[in-house]
Amino acid sequence: MLKPRLRIIQNDCVLANFNRNLEEHVRLAEEALEEGIDAIAFPELSLTGYNVQDAAQDIAIHIDDPALDPLRELSRDITIICGGIELSDDYGVYNSAFFFEDGTGRSAHRKIYLPTYGMFEEHRYFSAGQRIEPLTSKRLGRIGIAICEDFWHVSVPYLLAHQGAKLLFVLMSSPLRLTPGEQEPLIVRQWQQIMNTYAFLFSTHVAAVNRIGSEDSFTFWGRSGLTGPDGISTAAAPLFKASKLDTEIDLQAVKQARLNSSHFLDEDMRLFSSELDAITSWRPPA
């Protein structure tokens, strides 16, 4: 499938109400399937809401839990990517991305960089993920999934791309941070710059899936979008408004970008690894 149709869902959700949010996921996935969409992606923690705090342990769910069966069943005909609070086999609680395809589900990524500064306190409620690895989708090809703050650390998309991901997803619950006098919030411009830069440097598609709505002091701003492997934005949802953004992923565009410029392919991974080993093993003199 050279040009799969992807629907990015930019929506609100009900805080700490898994059942209501699951119903909405099912409704939107069924609607997308009827309209010929190949894959659908939801924002960070779309099944639970963001600011769950101490309720995280109570609503954490194992990826094999029967409660997720409706998404598994739908995934026989449409690929589903969404966010949830995962309970691991050893009872760790993670901010995770779930991936459903061909009637099965898996934990595709556990958020690594948990912001605990300013308005954020994720490390109080979640364990940090320890793996960066892409996966292969029969509808989307080789993809990598990151979660919000992970994309503020170049190591995550770098390693996903160098493991073969040609489409990078970043699931987000990014809140507004206003600076007096701004016409467009700085955080919106920063995120667009991040998306465009990674897409160009790694010659990949980048899909950002951000939510809208409010929770306590958090106001989420949306502007989900897709950037092509030339670093140019190809689709964008509006600010602060629920939206279904339909995009076509031209997988041949990655081939063309890398034939036009081999900067990604020329990356010296052995040199990078050697220098990184030297940095991490260095100890200051006694």
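In the block above lies the structure referred to throughout.
Residues numbered from 1 in each chain as written. Predicted model: local features only at pLDDT ≥ 70, side-chain atom pairs only at ≥ 80, totals over all residues. Heavy atoms only, no water.

What follows deals with the nonpolar core. By size, the foremost hydrophobic cluster in this structure holds 47 residues, and its most contacted members are Leu6, Ile81, Ile143, Ile145, Phe151, Phe169 and Trp191. At the level of secondary structure, the elements contributing two or more residues to this core comprise β1 (5–10), β2 (39–41), β4 (93–101), β7 (141–147), α4 (155–162), β8 (167–172), α5 (186–202) and β9 (205–210). Setting aside anything within four residues of it in sequence, one finds Phe151 in contact with Ala146, Pro157, Leu168, Phe169, Val170, Trp191, Ile194, Tyr198 and Val206. Ile9, Phe42, Ile78 and Cys82 belong to the second-largest nonpolar core, a separate cluster that totals 21 residues. (Core = buried A, V, L, I, M, F, W, Y, C linked by side-chain atoms within 4.5 Å. Buried < 20%, exposed > 50% of the residue type's maximum accessible area, 1.4 Å probe, protein only. Helix = DSSP H or I, 4+ residues; strand = E, 2+ residues; numbered from the N terminus. Contact = heavy atoms within 4.5 Å.)

What follows covers empty space enclosed by the protein. Across all of its chains, the model carries 1 cavity of 30 Å³ or more by this definition. By volume, the largest cavity amounts to about 50 Å³. Around the largest cavity sit Met172, Val188, Trp191, Gln192, Met195, Ala208, Asn210, Trp221, Gly222, Arg223 and Ser224, which together line it. Broken down by secondary-structure element, the contributors of at least two residues to the lining of the largest cavity are α5 and β9. It is α5 that provides the largest number of residues to the lining of the largest cavity, a total of 4 residues. For the lining of the largest cavity, a count of residues per class yields 6 nonpolar, 4 polar and 1 charged. (1 Å grid on protein atoms, 1.4 Å probe; cavity = no way out; pocket = protein on both sides within 12 Å on 5 of 7 lines; lining within 4 Å. Points joined across faces, edges and corners; volume = space filled by probe spheres on them. Nonpolar A, V, L, I, M, F, W, Y, C, P; charged D, E, K, R; others polar.)

The next thing to look at is the environment of Glu133. Relative to the assigned elements, Glu133 resides in the loop between β5 (104–110) and β6 (135–137). Here the side chain of Glu133 touches Arg131 through a polar contact of 3.0 Å, side chain to side chain. (Polar contact = N/O pair within 3.5 Å; in protein donor to acceptor, adjacent residues only side chain to side chain.)

So, about the pattern of salt bridges. Following the criterion strictly, the structure yields 18 salt bridges and no others. With its nearest N and O atoms 2.9 Å apart, the salt bridge here joins Arg72 to Asp69. Here Asp69 and Arg72 lie together in helix α3 (residues 69–74), a separation of 3 residues that amounts to about one turn. Among the residues examined, Arg72 registers a relative accessible area of 9% and is labelled buried. Where Glu184 meets Arg223, a salt bridge forms, and the shortest distance between an N and an O atom there is 3.4 Å. Linking Glu184 in the loop between β8 and α5 with Arg223 in the loop between β11 (218–221) and β12 (225–227), this pair joins segments that are 39 residues apart in sequence. Note on Glu184: relative accessible area 28%, which makes it partly exposed. Judged by relative accessible area, Arg223 falls into the partly exposed class, the value being 25%. (Salt bridge = Lys/Arg side-chain N within 4 Å of Asp/Glu carboxyl O.)

Turning our attention to the sheet that holds β2. Backbone-to-backbone hydrogen bonds join strands into a sheet, with any given pair of strands oriented parallel or antiparallel. An order of β5-β4-β3-β2-β1-β14 is seen for the 6 strands of this open sheet, with the pairing classed as mixed. Both outer strands of the open sheet, β5 and β14 (243–248), are each paired with one neighbouring strand and no more. Ignoring which end each strand starts from, the neighbouring axes of this sheet average 30 degrees apart. The pairing of β1 with β14 spans 6 bridges and is classified as antiparallel. (Pairing = 2+ DSSP bridges. Axes fitted to C-alpha atoms, helices over the stretch in contact; angles between N-to-C directions.)

A surface patch of nonpolar side chains, amounting to about 290 Å² of accessible area, comprises Phe272, Leu276 and Ile279. Position of Ile279 relative to the elements: it lies in helix α7 (residues 269–281). (Patch = residues over 30% accessible without salt bridge, like charges linked within 9 Å, V, L, I, M, F, W, Y side chains within 5 Å. Areas by Shrake-Rupley, 256 points an atom, 1.4 Å probe, with all protein chains shown as cover.)

Bringing the side chain of Arg139 into the picture now. Note on placement: Arg139 falls in the loop between β6 and β7. According to the relative accessible area criterion, Arg139 is buried, its value standing at 7%. Within the structure, Arg139 has its side chain in polar contact with the side chain of Thr79 (distance 2.8 Å).

On to unusual backbone geometry. Only a minority of non-glycine residues have a phi that is not negative, and only a minority of peptide bonds are not trans. Even without being glycine, Cys148 reaches a positive phi, approximately 40 degrees. As for its position among the elements, Cys148 is in the loop between β7 and α4. With phi around 50 degrees, Ser203 is a residue other than glycine that occupies positive phi space. Relative to the helices and strands, Ser203 is located in the loop between α5 and β9. Looking at Ser203, the relative accessible area reads 1%, which means it is buried.

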